[in-house]
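One-letter residues, chain by chain:
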Amino acid sequence: MAHDDKIELLTDGAVYEDDGTLTAIRRKVWYSDKIPMAITGRGAAKAVELVAYAFLLTDMIGSVDNTIDGITKALDKLADKAAATESEPAMIEMLVATISETRGPMLLYASNANAYGLDWLEPFKLYDVGREWGGGAPIDPAGLDLSAGLRSCGVELFERMRRVSDINPARPDLPAIHGIGGHVDLTTVTASGITVERLRTWPDIIGEKIDPFRGDLAEAA
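All of the points below concern the structure found in this document. (Residues numbered from 1 in each chain as written. Predicted model: local features only at pLDDT ≥ 70, side-chain atom pairs only at ≥ 80, totals over all residues. Heavy atoms only, no water.)

1. Notes on a nonpolar patch on the surface
So, point 1. Residues Tyr116, Leu118 and Trp120 make up a contiguous nonpolar surface patch of about 280 Å² in total accessible area.
So, point 2. Structurally, Trp120 is set in the loop between β7 (104-111) and β8 (127-128).
So, point 3. For Trp120, a relative accessible area of 44% gives the class partly exposed. (Patch = residues over 30% accessible without salt bridge, like charges linked within 9 Å, V, L, I, M, F, W, Y side chains within 5 Å. Areas by Shrake-Rupley, 256 points an atom, 1.4 Å probe, with all protein chains shown as cover. Salt bridge = Lys/Arg side-chain N within 4 Å of Asp/Glu carboxyl O. Helix = DSSP H or I, 4+ residues; strand = E, 2+ residues; numbered from the N terminus. Buried < 20%, exposed > 50% of the residue type's maximum accessible area, 1.4 Å probe, protein only.)

Structure, rendered in structure tokens:
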């Protein structure tokens, strides 16, 4: 969620196999120590991490606007590489939360496939997606007040998402899984810096599938 003076970004920590079995729990946000820019993604975990680092490495002179230009060029190169291979790449989606020197707080989205079937979302293109963007299982939003920001409702939002099974974004052809797990992190991007705070930790077990109904044992971090 982009505000007038900052961006709030919620992420979980689950990394899992195609069938939903947890393989790791980790922070899923990467950020620059030079500019106000944080990056997250969905889909094939290793590919998301590699692309996030590639995006951040385009920052060579400490300018958000120039880094955005570098990301656009990096996407062009990834598109050329994908066109030159016959194999189908693992699907990923990337979200860049940043504060531009000329345009202020921005949410920028790119993917290597048309994940939502929308005509305007071309693969390997960078889009300004407005003030709010998200991915994951659809939920009943009743009682969630986003107007106060994500800190106040982030845990409840992710608790609801956690209890709904959804497709694995990296393998949409397989049965739905519970894919929200590990923890909830709140990343806040301001012009002066970036902070990452842990809001909730769940008792998920690496080597097992996520059980959202183990929630009675969940504890606030």
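2. Topic: the sheet that holds strand β10 (residues 193-201)
So, point 1. Strands sit in the order β1-β9-β10 across an open sheet of three strands; the sheet is antiparallel. Looking at the sheet topology across the chains shown, the edges are occupied by β1 (6-12) and β10. When the angles between neighbouring strand axes are averaged without regard to direction, this sheet yields 20°.
So, point 2. Bridge analysis of β1 against strand β9 (residues 183-190) gives seven bridges, and the strand direction is antiparallel. Considered in β9, the bridge of Glu8 is made with Thr188. (Pairing = 2+ DSSP bridges. Axes fitted to C-alpha atoms, helices over the stretch in contact; angles between N-to-C directions.)

3. Overview of the sheet that holds strand β5 (residues 37-43)
So, point 1. Across the sheet, which stays open at both edges, the five strands sit in the order β4-β5-β6-β7-β8 with antiparallel pairing between neighbours. Strands at the two margins of the open sheet, each flanked by one partner only, are β4 (30-31) and β8.
So, point 2. Strand direction decides the pairing type here: strand β6 (residues 92-100) and β7, joined by eight bridges, are antiparallel. Across the sheet, the residue bridging to Ile99 is Pro105, located in β7.
So, point 3. Across the sheet, helix α2 (residues 64-84) is in contact with β5, β6 and β7; its angle to β6 comes to roughly 160°. (Contact = heavy atoms within 4.5 Å.)

4. Focus on the side chain of Asp204
So, point 1. Within the secondary structure, Asp204 sits in the segment after β10.
So, point 2. Reaching out from Asp204, the side chain makes a polar contact with the backbone nitrogen of Gly182 at a distance of 2.8 Å.
So, point 3. Look past the residues within four positions of Asp204 in its chain and what remains in contact with it is Leu22, Ile25, Arg162, Gly181, Gly182, Ile210, Asp211 and Arg214. (Polar contact = N/O pair within 3.5 Å; in protein donor to acceptor, adjacent residues only side chain to side chain.)

5. Let's talk about the side chain of Glu93
So, point 1. The topology assignment puts Glu93 in strand β6.
So, point 2. In terms of polar contacts, Glu93 uses its side chain to reach the side chain of Tyr109, at 2.8 Å.
So, point 3. Contact partners of Glu93, with chain neighbours within four places excluded, come to Thr40, Gly41, Arg42, Tyr109, Ala110, Ser111, Ala115 and Tyr116.

That is the geometry; function is a separate question.
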